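Summary of the model geometry
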Amino acid sequence: MRSVLPDLTPWRASRDFRRLWVSGLMSGFGSFLTFVALPVQIKELTGSAAAVGAIGAVELLPLLVFGLYGGALADALDKRKLIVRTEVGQGLLSAGLLLNALLPEPAVWPLYVVAALSSALVSVQRPALDSLWPRIIAHDHLPAAAALNSLRWTVGGVAGPAVAGVVVAYAGLGWAYGADLLTFVVSVVLVVRIAPSPASHAAGRPSLRAIAEGARYAWSRKELLGTYAVDLAAMFLAMPLAVLPFLADELDAEWSLGLMYAAVPAGALLVSLTSGWVSRVHRHGRMVVLSAALWGLAVAAAGLVHDVWLVLLCLTVAGGCDMVSGVFRGAMWNQTIPDELRGRLAGIELLSYSVGPTLGQVRSGGFAAWWGVRASVWSGGALCAGAVGLLALCLPALMSYDERTNEHARRMREGRAPAADAAGDTPGSPEVVS
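About the criteria used
- Residues numbered from 1 in each chain as written.
- Predicted model: local features only at pLDDT ≥ 70, side-chain atom pairs only at ≥ 80, totals over all residues.
- Heavy atoms only, no water.
- Core = buried A, V, L, I, M, F, W, Y, C linked by side-chain atoms within 4.5 Å.
- Buried < 20%, exposed > 50% of the residue type's maximum accessible area, 1.4 Å probe, protein only.
- Helix = DSSP H or I, 4+ residues; strand = E, 2+ residues; numbered from the N terminus.
- Contact = heavy atoms within 4.5 Å.
- Expected span 1.5 Å × (residues − 1).
- Bend = angle between axes of the 7 residues up to and from the residue.
- Polar contact = N/O pair within 3.5 Å; in protein donor to acceptor, adjacent residues only side chain to side chain.
- Lys, Arg positive; Asp, Glu negative; His and termini not counted.
- Salt bridge = Lys/Arg side-chain N within 4 Å of Asp/Glu carboxyl O.
- Patch = residues over 30% accessible without salt bridge, like charges linked within 9 Å, V, L, I, M, F, W, Y side chains within 5 Å.
- Areas by Shrake-Rupley, 256 points an atom, 1.4 Å probe, with all protein chains shown as cover.
- Axes fitted to C-alpha atoms, helices over the stretch in contact; angles between N-to-C directions.
- Parallel < 35°, antiparallel > 145°, perpendicular 65-115°, else oblique.
- Nonpolar A, V, L, I, M, F, W, Y, C, P; charged D, E, K, R; others polar.
- Left-handed = near helix turned anticlockwise from the far one by under 90°.
- pLDDT = per-residue confidence, 0-100.

1. Brief notes about the nonpolar core
- With 77 residues, the main nonpolar core has Tyr-177, Leu-244, Met-260, Trp-295 and Leu-315 as its most contacted residues.
- Sorting elements by how many residues they give to this core places helix H13 (residues 308-336) first, with twelve residues.
- Leu-315 has contacts with Pro-240, Leu-244, Met-260, Ala-263, Val-264 and Ala-302, leaving out every residue within four places of it along the chain.
- In this structure, Ala-128, Leu-132, Ile-137 and Leu-148 belong to the second largest nonpolar core, which totals 23 residues.

And the structure:
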């Protein structure tokens, strides 16, 4: 059982990891409530699949602008302060959604405004958060930490949509938005207690030149470039979430909407709960490619079957495959990127795993309006599997990546060991961070 259950070493070794983990669990749960409530509210107010898909369109520009700039900010400023301020901002946006939902006639335009502003805040926060983990976790424990973080995300992802489906149906949208606001309050209380994480001495000021420096480094690392490209293709072509309310209607199973939203994170949760094997895998690139292709095939199957329980099973399998890809992408990023560039590279990573789903909502909503809901789902999954296979052929550096022999991973491993010895504490302790 120990070889299967999650490795809890990062949790035991770092107090700040525990605080960030619980904070992310709370805010993630609330965000999934809104993730379900927002498209449902737009569907109720407009009755249009294209209008639901347009959520992705309004989120795209903030992602592109603030994702890259947020990475530069994460390298130049204290990461803890950035995380706290953006959490506060997200809480205020949840309060705005709550007020709008309580109006006698809720307006549609505030929903798109909040979606855009939330996208901007997430784009600033995620590079700071993603670049913080390697500072509080020992190098060899980063794959286990990635699996634990995926567990945190999937617990919220399973519980949030499942609860949201019930809350929205029986209590109303206001209760979902109100619960989201409360989770952000708890999250802020936890995050303010972690140790400061100031900028690296080698980091430059946030600027276009600094952003370009990070982009040049990413381009020089073809194995990293491959992880970005594979994830972008998988999410853009095979992300079906925008059309799930309409798929549930077409299957005459409106009751299943919350379960559909929960199925993808449920599959991810199953992987997270059995992630003890992760630290024993060294060919991370091959796992990224294989799992992304299987994600596409599972989504394609969800669009072809006609039984709602088979749809839920296919979405669960897809979620598990996506989580495997995400764990090994994260391990490659965290184990090979220098500290002074980590925020900017995290900004690029944010674009790869956020722009894809955002554009994917537009694609799936547009295809559904033009070609039909089911065709939108199965065609996207099939295109994803083909695109991932083509990328694997074009990027041999990704397929050959081995964390035991990769020069960048070896340099990071050797560089962190002396620093830990000099600090007189284990890597990942609060004293090292501060």
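2. Here we look at helix H3 (residues 49-76)
- Here H3 contains 28 residues, and its C-alpha end-to-end distance of 41 Å stays within 8% of the 40 Å for a straight helix at 1.5 Å per residue.
- The axis of H3 is deflected most strongly, by about 30°, at Phe-66.
- Of the residues that open H3, the one with a side-chain oxygen 3.1 Å from the backbone nitrogen of Ala-51 is Ser-48.

3. Some details on the side chain of Arg-363
- Here Arg-363 lies in helix H14 (residues 342-371).
- Salt bridges are absent for the buried Arg-363, whose nearest opposite-charge side chain, Glu-250, sits at 14 Å.
- Only 3.3 Å separates the side chain of Arg-363 from the backbone oxygen of Phe-236, close enough to count as a polar contact.
- Contacts of Arg-363, omitting those with residues within four sequence positions, involve Phe-236, Leu-237, Ser-376, Ser-379 and Gly-380.

4. Some thoughts on the environment of Ala-116
- With respect to the helices, strands and loops of the structure, Ala-116 is situated in helix H5 (residues 109-136).
- The buried category is assigned to Ala-116, whose relative accessible area is 19%.
- Put simply, Ala-116 and Gln-41 are 75 residues apart on the chain and 16 Å apart in space, counted from C-alpha to C-alpha.
- Not counting residues up to four positions away in its chain, the partners in contact with Ala-116 are Val-58 and Pro-62.

5. A look at a nonpolar patch on the surface
- A cluster of nonpolar side chains, contributed by Leu-61, Leu-64, Val-65 and Phe-66, occupies part of the molecular surface with about 350 Å² of accessible area.
- Under the relative-accessibility criterion, Leu-64 is labelled partly exposed at 39%.

6. Structural notes on the packing of helix H8 (residues 208-220) against H14
- Interhelical geometry of H8 versus H14 gives an angle of 70° and a closest axis separation of 9 Å. One way to sum up the angle between H8 and H14 is to call them roughly perpendicular. Where H8 approaches H14, its residues Ala-210, Ile-211, Glu-213, Gly-214, Ala-215, Tyr-217 and Ala-218 are matched on the opposing element by Arg-344, Leu-345 and Ile-348.
- The class makeup of the residues in the contact of H8 with H14 is seven nonpolar, one polar and two charged.

7. Details of the packing of helix H2 (residues 15-46) against H5
- Closest axis-to-axis distance for the H2/H5 pair is 13 Å, and the angle between their directions is 160°. As far as their axial angle goes, H5 and H2 are roughly antiparallel. Helix-helix and strand crossings are classified by hand; for H2 and H5 the assignment is left-handed. In this structure, H2 contributes Asp-16, Phe-17, Leu-20, Trp-21, Leu-38, Gln-41, Ile-42 and Leu-45 to the contact, and H5 contributes Leu-111, Tyr-112, Ala-115, Leu-129, Leu-132, Trp-133 and Ile-136.
- Across the contact of H2 with H5, the residue classes tally to 13 nonpolar, one polar and one charged.

8. Regarding the environment of Pro-127
- In this structure, Pro-127 sits in helix H5.
- Sequence-distant contacts of Pro-127, that is, excluding residues within four places in its chain, are made with Gly-67, Gly-70, Gly-71, Ala-74, Val-122, Gly-343, Ala-346, Gly-347 and Leu-350.

9. Here we look at the pattern of salt bridges
- Evaluation of the coordinates by the stated rule reveals nine salt bridges.
- Two residues, Asp-16 and Arg-19, come together in a salt bridge whose shortest N-O distance is 3.9 Å. Separated by three residues within a single helix, Asp-16 and Arg-19 lie in helix H2, roughly one turn from each other. For the pair Asp-16 and Arg-19, a shared accessibility class is recorded, and that class is buried.
- Taking the shortest distance from any N to any O, the salt bridge between Glu-213 and Arg-344 comes out at 3.1 Å. Residue Glu-213 is found in helix H8, and its partner Arg-344 is found in helix H14; the two are separated by 131 residues along the sequence.
- Glu-213 gets classed as partly exposed once you look at its relative accessible area, which sits at 39%.
- Residues joined by salt bridges that share partners form a network here, namely Asp-75, Glu-213 and Arg-344.

10. Points about the confidence of the model for the chain
- Looking at the chain as a whole, the pLDDT averages 83, with 93% of positions reaching at least 70.
- Contacts of residues 418-434 to residues separated by more than four positions or lying in other chains number 27 contacts, the stretch itself having pLDDT below 50.

11. Some words on the side chain of Asp-78
- Looking at the secondary structure, you find Asp-78 in the loop between H3 and helix H4 (79-101).
- The buried charged residue Asp-78 lacks any salt bridge partner; its closest oppositely charged side chain belongs to Arg-80, at an N-O distance of 4.5 Å.
- One polar contact links the side chain of Asp-78 to the main-chain amide nitrogen of Lys-81, over a distance of 3.3 Å.
- Not counting the four nearest positions on each side in its chain, Asp-78 is found in contact with Pro-196, Ser-197 and Pro-198.

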